[in-house]
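Residue-level listing of the chains:
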Amino acid sequence: MFRKVCLVALLLVPALLHAESGLDAWLRYAPLKQGVAGRYPSPNVMPGIVVTLGTEAPIQSAREELVRGIRGMLNRELRTVSSFEGGGIVIGTLAQIRAAAPDLLPAGTGNIGADGFWLKTFKPGPRGNGLPILIVAGGNDRGVLYGTFALLRKIALGESITDLDQKETPYSSIRWVNHWENLDGSIERGYGGRSIFWENGKAREDLSRVSDYGRLLASLGINGTSINNVNADARVLSPEFLPQIVRVAEALRPWGVKVALSVDFGSPRSVGGLTTFDPLDPGVITYWKNKADEIYRAVPDLGGFVLKADSEGRVGPSAVGRTHADAANVVARALKPHGGFFFYRGFVYDNRMDWRNPKNDRARAADDNFRSLDGKFDDNVFIQIKNGPIDFQVREPASPLFGTLEKTNQVIELQITQEYMGQGRHTVFLVPMWKEVLDFDMRARPGMTTPVKALVAGKTFGRTAGGMIGVSNVGLDESWFGNHMSQANLYGFGRLAWNPNLSSKQIVDEWTRLTFGDDPKVVETVNSIQLSSWRTYENYTGPLGLQTLTDIVGNHYGLAVEASERNGWGQWHFADAKGVGMERSVATGTGFAGQYRPEVAKMYESVASTPDDLLLFFHHVPYTQKLKSGKTVIQFIYDSHYEGADAVVKYVNDWKALKGRVDDRRYSEVLAQLEYQAGQSIVWRDGVANYFFKMSGIADAKGRVGNYPGRFEAESATLTGYAVRDVAPPEGASGEKAVDCASASCTAMFKYSGESGRRNLTVRYFDVNNGAAKFRVKVAGQLVEEWTATDRVPTRRIDSASSARRIIEGVMLRPGDEIQIEGIPEGSETAGLDYIEIQPAN
Ligand code: GCV
């Protein structure tokens, strides 16, 4: 019998190990190892009964979650009861617990703030009929849910729960996510599949993923979400659409997540039947009032509205000669009687700026727009400010507007979805970046430390509310983001929104243990990849404050150093033959530095006191400018790109060492992602380094740039059918050229002239998203590899984004061998080739 049980157990464990989809993210409740489970004996430490006081939906969710978590982690079934009889886990609001057990928590034992919780154990005693009592008390029903998740997290992390007395209240009251989802189910800047909310202009038939998502959000204390794109479809306010909103709100309500809507400022005219959207027009005022009343009748707990106005083609008050305050207050007043908030985005700028005018500067826009209006907004209006003055670039200074607004509510907008950060195809853990901004002292009040986190929470200037909003954009993919590692960004956002004083290390350590288990090697490896990944990405994209150097007028993904130049979008870096960077000082530049409070302005005003990481954001300097490290700017650009690409190669090797320690599915999916990232980081390294080499004419002191041992360009091969073509932008391909095939099949032949031996052969080819070309590699007439290029990267062109690689390991090569690559186009994919590389096999 014993043998039989062991056999079943053995069969079960691999099954569990081998089949994780990522859907449960950090809420997997994986069985605890025996030693860890032993820390929670029943009933002395972990009671076997849960007493649920209160019938509110979030409290019911808390009970179900507790049962689910304990079943998963400890393989125990909690008995659920609804009245306090003695020992057990007691969940309810503080008021409910006090009413049910007045002698347990007499009045005067302290309060809990809104959304806060108290975890407290009472030793076995008469009140518990000799059993311990563990209370999960909430300041309100959401607090009960958050406390329950906190308790489960403790158990999942193996922490003691014997002498609990832990009270937590969130740092700020607004902890929301936004979604840029279109009603047709597509997502603007979403990389995890289609919308979980919408399909074909309606709420999805099956909203179970919305409910799953609500659970993830609740586990982090996130209490609100907007559910449609800020580039808003006016139909969202139509009476016919209301039932759809009701359905989504119902799916999220049990998780304490309020829904909010992005609205179109032109709605009074476009769908309201009026001739104007002028916010001071009496008809428009009535429109917004009636609209708010109508929506609140159907969704009484709606969080409010979000508005993108006067930005990127969205209509706003400037069209009718009104101010942002006029616009915001009219809508806010309609929401006010219902307790609704109005988030007015600070992302207001002109995308048709004249780049030839050296005084023009997009970075100035938010402060220029809102400074004079400080104090003119109603108290349920929040100016929603992106972390930096441009647009979620790899490094930006904190937006000066955080320090400017004193008499206006504000929230910070962070981007969880990785629009400019590798779009879920690159692992980039953003918490260290966010923390840098949140902890940045804006010197906004004399004699006080005024970090961004305190300003946006409303603490510095005594505002009524404030907080953090993250653009999440999860999708239907089981991994939510298209990359398991990217889940850490949602986790990190939520944890920071709850408590911005947590360290990046603490956050990632929790996430890794919850997501991948507590094997020390796994934890150490994943933590170290995540914690270094932002710097790594910055190193191989745009360091020193250059911004991401991606294709800002296209997919925001591939490399295109000059895409940001000579156009109206204002993300200029002004690289020329002599130097690089945008001069934003007051003395000789755009004056942007002067938008900060004096102490900060002084720091950014001069080259000498500007931190290296932001040097080129604030100043135009010669390539030979020495950094604080003593290195020149140009050498730093070269070195950082090599460091960045090398770091990703190390990630791949470190991850490979985890085989067998992470379930097979996630192991191979993360490996594929990191290998892809390693390949792309080389494209970025070579492209950016060559661009600046060409521009500056200054050679790399280490001789690497332009010199690639073992690399053979396709354009220099013997080509049959293949034609050589220029690649645009040129830095998208090695040697600025590629070959592509206009017939049914083409070949590129390379003659090997090195020594005999096993070699790794890398084929750099192009995999565009509108076809599935085939490739065959033969060595000395023997087929060594074949594959189909079916990846779906966001480009239809031969460029850096479609650049892909195939590594064929351990190929035997002899002098004179012919290496023949055959490309067979399909659809609009022309089997493009860039180069091959021959390296010694390990
Ligand atoms: C929703 C950037 C993005 C846009 C986005 C905009 C915004 O420009 O590329 O997709 O639009 O920011 O934040 O409104």
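Cut-offs and rules
- Residues numbered from 1 in each chain as written.
- Predicted model: local features only at pLDDT ≥ 70, side-chain atom pairs only at ≥ 80, totals over all residues.
- Heavy atoms only, no water.
- Helix = DSSP H or I, 4+ residues; strand = E, 2+ residues; numbered from the N terminus.
- Rg over C-alpha atoms; globule rule 2.2 N^0.38 Å.
- Contact = heavy atoms within 4.5 Å.
- Areas by Shrake-Rupley, 256 points an atom, 1.4 Å probe, with all protein chains shown as cover.
- Lys, Arg positive; Asp, Glu negative; His and termini not counted.
- Charge placed at Lys NZ, Arg CZ, Asp CG, Glu CD.
- Phe/Tyr/Trp six-rings, centres within 6.5 Å; stacked < 30°, edge-to-face > 60°.
- Buried < 20%, exposed > 50% of the residue type's maximum accessible area, 1.4 Å probe, protein only.
- Pairing = 2+ DSSP bridges.
- Near = heavy atom within 4 Å.
- Polar contact = N/O pair within 3.5 Å; in protein donor to acceptor, adjacent residues only side chain to side chain.
- Disulfide = S-S within 2.5 Å.
- Salt bridge = Lys/Arg side-chain N within 4 Å of Asp/Glu carboxyl O.
- Axes fitted to C-alpha atoms, helices over the stretch in contact; angles between N-to-C directions.
- Expected span 1.5 Å × (residues − 1).
- pLDDT = per-residue confidence, 0-100.
- Parallel < 35°, antiparallel > 145°, perpendicular 65-115°, else oblique.
- Nonpolar A, V, L, I, M, F, W, Y, C, P; charged D, E, K, R; others polar.

**Describing the overall build of the protein**
Part 1 of the argument: Broken down by element type, the protein carries 21 helices and 29 strands.
Part 2 of the argument: Computed over its C-alpha atoms, the radius of gyration of the protein comes to 29 Å, within 12% of the 28 Å expected for a compact globule of 842 residues.
Part 3 of the argument: Long-range contacts, defined here as pairs at least 24 residues apart, represent 74% of the contacts in the protein between residues at least 6 apart.
Part 4 of the argument: About 30,800 Å² of surface is accessible on the protein, with carbon and sulfur atoms providing 52% of the total.
Part 5 of the argument: Here the protein carries 95 positive and 96 negative side-chain charges, and the mean point of each set is 4 Å from the other.

**Section: the packing of aromatic side chains**
Part 1 of the argument: For the coordinates displayed, the defined rule picks out 37 aromatic pairs.
Part 2 of the argument: Summarising the aromatic geometry, the rings of Phe370 and Phe377 are spaced 6.3 Å apart at their centres and angled 35° between planes, so their arrangement reads as tilted.
Part 3 of the argument: Classification of Phe370 as buried rests on a relative accessible area of 0%.
Part 4 of the argument: A ring pair is formed by Trp511 and Phe516, whose centres lie 5.8 Å apart and whose planes are at 85°; its orientation type is edge-to-face.
Part 5 of the argument: Using a relative accessible area of 0% as the deciding quantity, one classes Trp511 as buried.

**Here's the deal with the pairing of strand β23 (residues 746-751)**
Part 1 of the argument: The element β23 is extensively covered by neighbouring structure, given that five of its six residues are classed as buried.
Part 2 of the argument: One ladder, built from six bridges, connects β23 with strand β28 (residues 818-824); its direction is antiparallel. Paired with Ala748 across the two strands is Ile821, which belongs to β28.

**Some words on unusual backbone geometry**
Part 1 of the argument: The omega angle of the peptide bond from Ser42 to Pro43 is 0°, so this bond is cis rather than trans.
Part 2 of the argument: Following the sequence through the fold, Pro43 ends up in the loop between α2 (34-37) and β1 (49-52).
Part 3 of the argument: Looking along the chain, the bond that leaves Ala728 and enters Pro729 is cis, with omega of -10°.
Part 4 of the argument: Considering the arrangement of structural elements, one finds Pro729 in the loop between β21 (722-726) and β22 (737-741).
Part 5 of the argument: A positive phi angle is found at Arg443, which is not glycine, with a value near 50°.
Part 6 of the argument: For Arg566, which is not glycine, the phi dihedral falls at a positive 50°.
Part 7 of the argument: Structurally, Arg566 is set in the loop between α17 (520-540) and β17 (579-580).

**Side note on the site of the ligand**
Part 1 of the argument: Neighbouring residues of the ligand: 14 residues in total, closest Glu188, Lys308, Glu312, Lys386 and Glu419.
Part 2 of the argument: A distance of 2.7 Å is found between an oxygen atom of the ligand and a side-chain nitrogen or oxygen belonging to Lys308.
Part 3 of the argument: Protein coverage of the free-state accessible area of the ligand, which is 340 Å², stands at 97%.

**Remarks on the state of the cysteines**
Part 1 of the argument: Evaluated as defined, the whole model comprises one disulfide.
Part 2 of the argument: Disulfide partner of Cys741: Cys746, at an S-S distance of 2.0 Å. As the torsion about the S-S bond is roughly 75°, the Cys741-Cys746 disulfide counts as right-handed. Cys746 matches Cys741 in its accessibility class, with the two residues each being buried.

**Re the side chain of Arg98**
Part 1 of the argument: Tracing the backbone shows Arg98 in helix α4 (residues 94-100).
Part 2 of the argument: In this structure Arg98 is buried but unpaired, with Asp103 as the nearest side chain of opposite charge at 11 Å.
Part 3 of the argument: The contact partners of Arg98, leaving out residues within four places of it in the chain, are Leu105, Pro106, Ala107, Gly108, Thr109, Gly110 and Asn111.

**What to know about the sheet that holds β28**
Part 1 of the argument: Taken together, the five strands give an open sheet; going across it, the order is β20-β23-β28-β25-β26, and neighbouring strands pair in antiparallel fashion. Two strands bound the open sheet, and with one partner strand each, they are β20 (718-720) and β26 (782-788). The sheet shows a mean angle of 15° between the axes of neighbouring strands, taken without regard to direction.
Part 2 of the argument: Direction of pairing for strand β25 (residues 774-779) relative to β28: antiparallel, over a ladder of six bridges. Paired with Lys774 across the strands is Ile824, a residue of β28.

**A word on helix α10 (residues 324-335)**
Structurally, the α-helix is built with 3.6 residues per turn, so residues lying three or four positions apart point the same way.
Part 1 of the argument: Between the first and last C-alpha of α10 there are 17 Å, a value that for 12 residues agrees with the 16 Å anticipated at 1.5 Å per step.
Part 2 of the argument: Turning to α10, its buried residues are His324, Ala325, Ala327, Ala328, Asn329, Val330, Val331, Ala332, Ala334 and Leu335.
Part 3 of the argument: Two to three positions downstream of the cap, the backbone nitrogen of Ala325 sits 3.2 Å from a side-chain oxygen, assigning the N-cap of α10 to Thr323.

**Examining the sheet that holds strand β13 (residues 341-345)**
Part 1 of the argument: Reading around the circumference, β7-β10-β11-β12-β13-β14-β15-β16 is the order of the eight strands in this closed barrel, with parallel pairing throughout. Strand-to-strand, the axes of this sheet are offset by a mean angle of 25°, without reference to chain direction.
Part 2 of the argument: Judged from the five bridges that link them, strand β7 (residues 174-178) and strand β16 (residues 467-471) form a sheet pairing that is parallel. Residue pairing across strands places Ile174 opposite Gly467, the latter belonging to β16.
Part 3 of the argument: Against the sheet, α10 makes contact with β12 (304-307), β13 and β14 (381-386), and its axis sits at roughly 160° relative to β13, the strand it touches most.

**Details of the confidence of the model for the protein**
Should the pLDDT be low somewhere, the predicted coordinates at that spot are not to be read in detail.
Part 1 of the argument: Across the protein, pLDDT averages 96, with 98% of residues at or above 70.
Part 2 of the argument: Every residue in residues 1-16 scores below 50 in pLDDT, and together they form one contact with partners more than four places removed in sequence or on other chains.

**A few points about the packing of helix α5 (residues 141-156) against helix α6 (residues 208-220)**
Part 1 of the argument: Close contact between α5 and α6 brings their axes to 8 Å; oriented N to C, the two are set at 80°. Relative to α6, α5 is oriented roughly perpendicular. Across the interface between the two elements, Leu145, Tyr146, Phe149 and Arg153 from α5 touch Arg215, Ala218 and Ser219 from α6.
Part 2 of the argument: Grouping the amino acids of the contact of α5 with α6 by side-chain chemistry returns four nonpolar, one polar and two charged.

**Focus: the environment of Asn111**
Part 1 of the argument: Here Asn111 is to be found in the loop between α4 and β4 (117-122).
Part 2 of the argument: With relative accessibility at 62%, the residue Asn111 sits in the exposed group.
Part 3 of the argument: For the pair formed by Asn111 and Ala647, sequence separation is 536 residues and the distance between their alpha carbons is 49 Å.
Part 4 of the argument: Setting aside residues no more than four positions away along its own chain, Asn111 makes contact with Leu94, Arg98 and Lys167.

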